[in-house]
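# Examination of the molecular architecture
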Amino acid sequence: MSTSATPAVATPVTTAPPVLEIGSLSVDYGVGEGAVRALHDVDLTLRRGEVLGLAGESGSGKSTLAYAVTRLLSPPGVITGGDVRYHPREGEPVDVLAMTPRELRAFRWQEISIVFQGAMNSLNPVHTVRTQLTDVIAAHRPQTSRAERVERARELLSLVGISVDRLGAYPHQLSGGMRQRVMIAMALALEPEIVIMDEPTTALDVVMQRQILRQLVRLREELDFSVVFITHDISLLIEFSDRIAIMYGGRIVEQAGASEIYRDPRHPYSDGLLHSFPALRGPRRELTGIPGSPPDLRAMPPGCAFHPRCPKAFDPCDRQVPRLAPVGADTDRSVACWLTDDRRSGEA
Ligand SMILES: Nc1ncnc2c1ncn2[C@@H]1O[C@H](COP(=O)(O)OP(=O)(O)OP(=O)(O)O)[C@@H](O)[C@H]1O
């Protein structure tokens, strides 16, 4: 990310080149007989400058995906297949899964940073905001002077809308919203190309959540980075993302532009999610929720994992897994559902 780069909006985000390409990524927890598959052949592309929303109920694999692509997955999680390719601004794409520990240390924070669930509670209580911000910079840019680091910390705080006179504050002297903004400032400290936000604001009230997200989207336009924004609350994604990918049972079941998902969800699960959260804008939808509960990884239903809860399930759904495929003329939408899969006409 560079502050002098061309604005993200110079080309429509949907045609922007990829910055991260995930291909057939699979993750298991455990090995051998006791292993459960948490990600199945996930294909996903993050484009330069876009906000990609990742939605799905608890346990659908969103965090596993974030941990796997940053190589932060810890045992018993194991990447069992697929690839993750990072496209730097200059030079050849890099295979993230083949990076050495040393390469990974440089990759994380500088190229990709992640704000974890409940991150605002992970600030060190005994250090000031100034120390925590300058420590991140010092660890990765040891050649910078102390004065430069403090100056950068001031700049970062004002970027996220916190008055610079809070530099000397300790975490307990800040509100939850401010602590979360400090975490976002830390994630932006080394100007990464990609910022992954895993449920970054769920502990905050709705007004604060939206305020922080609005700021993040504005920063993205100013600083030209890409965002993967993970939440189970699809109404937030509709408002703040360019594209949305919806996960169920460790697979992506639909991906499309945010407004397309909102206007015309094609997977019955996407439709169910949209009827599970109050819309922040536009016409009201009846909140019907989704009957039943997410699948247990140890006993995944055969066929489409959603079929036991699906109001539209029909013949092939309990037997065969539908593959994620483009739908109709909309090249930017893909759906994994027998309702939209032409192959079903040829099935027994
Ligand atoms: N350490 C682990 N050992 C075994 N299974 C795990 C482990 N971590 C996660 N899982 C399982 O992997 C699946 C995906 O979990 P993950 O946390 O990625 O989902 P998620 O969509 O991010 O959910 P949430 O919104 O609750 O964070 C879940 O069924 C979870 O139980």
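Sequence order as written defines the numbering, with residues in each chain counted from 1. Restriction of local features to residues with pLDDT of at least 70 applies here, the model being predicted, together with a cutoff of 80 or more for giving and counting side-chain atom pairs; totals for whole chains, interfaces and linings are based on all residues. Hydrogens are left out, water is left out, and the side-chain values use all remaining heavy atoms of the structure.

## Notes on the pattern of salt bridges
- Definition used for salt bridges: Asp or Glu carboxyl oxygen within 4 Å of a side-chain nitrogen of Lys or Arg. Here the structure, examined in full by the defined rule, presents 18 salt bridges.
- A salt bridge links Arg-309 to Glu-57, with the shortest nitrogen-to-oxygen separation between them at 2.9 Å. Taken together, the residues Arg-309 in the loop between α9 (268-274) and β11 (325-327) and Glu-57 in the loop between β3 (51-55) and α1 (62-69) connect sequence positions 252 residues apart. Residue Arg-309 shares its accessibility class with Glu-57, and that shared class is buried.
- A salt bridge links Arg-152 to Glu-155; its shortest N-O distance comes to 2.6 Å. Secondary structure counts use DSSP, requiring at least four H or I residues in a row for a helix and at least two E residues in a row for a strand, with both numbered from the N terminus. When a residue's accessible area, from a 1.4 Å probe over protein chains only, is under 20% of the maximum for its type it is buried; when over 50% it is exposed; and in between it is partly exposed.

## What to know about the packing of aromatic side chains
- For this analysis, a ring pair means two rings from Phe, Tyr or Trp (six-membered ring only for Trp) whose centres lie within 6.5 Å, classed as stacked if their planes differ by under 30 degrees, edge-to-face if by over 60, and tilted for the remaining angles. In this structure the tally under the stated criterion is 5 aromatic pairs.
- Taken together, the ring pairs connect Tyr-248, Tyr-269 and Phe-306 into an aromatic cluster.

## Topic: the site of the ligand
- We call a residue near a molecule or strand whenever a single non-hydrogen atom of that residue lies within 4 Å of it. In the vicinity of the ligand, 14 residues are found, and the nearest of them are Ser-58, Gly-59, Lys-62, Ser-63 and Thr-64.
- Under the rule applied, a polar contact is a pair of N or O atoms within 3.5 Å (in protein, one hydrogen donor and one hydrogen acceptor; residues adjacent in sequence only if both atoms are side-chain atoms). At 2.8 Å, a backbone N or O of Gly-59 approaches an oxygen atom of the ligand.
- About the coverage of the ligand: the protein hides 65% of its 630 Å² of free accessible area.
- The element contributing the most residues to the shell around the ligand is α1, with 3 residues.
- Nonpolar residues are Ala, Val, Leu, Ile, Met, Phe, Trp, Tyr, Cys and Pro. Charged residues are Asp, Glu, Lys and Arg, and all others, Gly as well, are polar. Per-class residue counts for the shell around the ligand are 4 nonpolar, 7 polar and 3 charged. Reported accessibility uses the Shrake-Rupley method at a 1.4 Å probe radius. Residues are deemed covered only where the shown protein chains occlude them.

## Thoughts on the nonpolar core
- The nonpolar core is taken to be a set of buried Ala, Val, Leu, Ile, Met, Phe, Trp, Tyr and Cys residues, with the residues joined through side-chain atoms within 4.5 Å. If you look at the biggest cluster of nonpolar residues, it comprises 61 residues, and the most contacted ones within it are Ile-234 and Ile-246.
- Element by element, the count of residues in this core is highest for helix α5 (residues 176-188), at 7 residues.
- If near-sequence neighbours (up to four positions away) are discounted, Ile-234 is found in contact with Ala-55, Ile-246, Ile-261, Leu-273, Leu-274 and Phe-277.
- Listed in part, the 31 residues of the second largest apolar core include Val-27, Leu-52, Leu-104 and Ala-245. Contacts are assigned to residue pairs with any non-hydrogen atoms lying within 4.5 Å of each other.

## Topic: the confidence of the model for the protein
- Summary of the metric used: pLDDT quantifies the predictor's per-residue confidence within the range 0 to 100. For the protein, per-residue confidence averages 88 on the pLDDT scale, and 91% of positions sit at 70 or higher.
- Scored as a complex, the prediction yields pTM 0.89 and ipTM 0.91.

## Regarding the pairing of strand β1 (residues 18-29)
- Pairs of strands are assigned from DSSP output, requiring at least two bridges between the strands. Sheet topology places β1 next to strand β2 (residues 36-47); 8 bridges connect them, and they run antiparallel. In the strand pairing of β2, Leu-25 is matched with Val-42.
- Between β1 and β2, which pair antiparallel one after the other, the connecting turn spans 6 residues, and Gly-30 there sits at a positive phi close to 95°.
- Sheet analysis places β1 next to strand β4 (residues 77-86), joined by 8 bridges and oriented antiparallel.

## Some remarks on helix α3 (residues 129-140)
- The end-to-end C-alpha separation of α3 is 18 Å, in line with the 16 Å expected for 12 residues at 1.5 Å each.
- Buried within α3 we find Val-129, Gln-132, Leu-133, Thr-134, Val-136 and Ile-137.
- Where α3 is buried, its residues contact α2 (101-110), α4 (146-159) and α5. To estimate how far a helix should reach, multiply one less than its number of residues by 1.5 Å.

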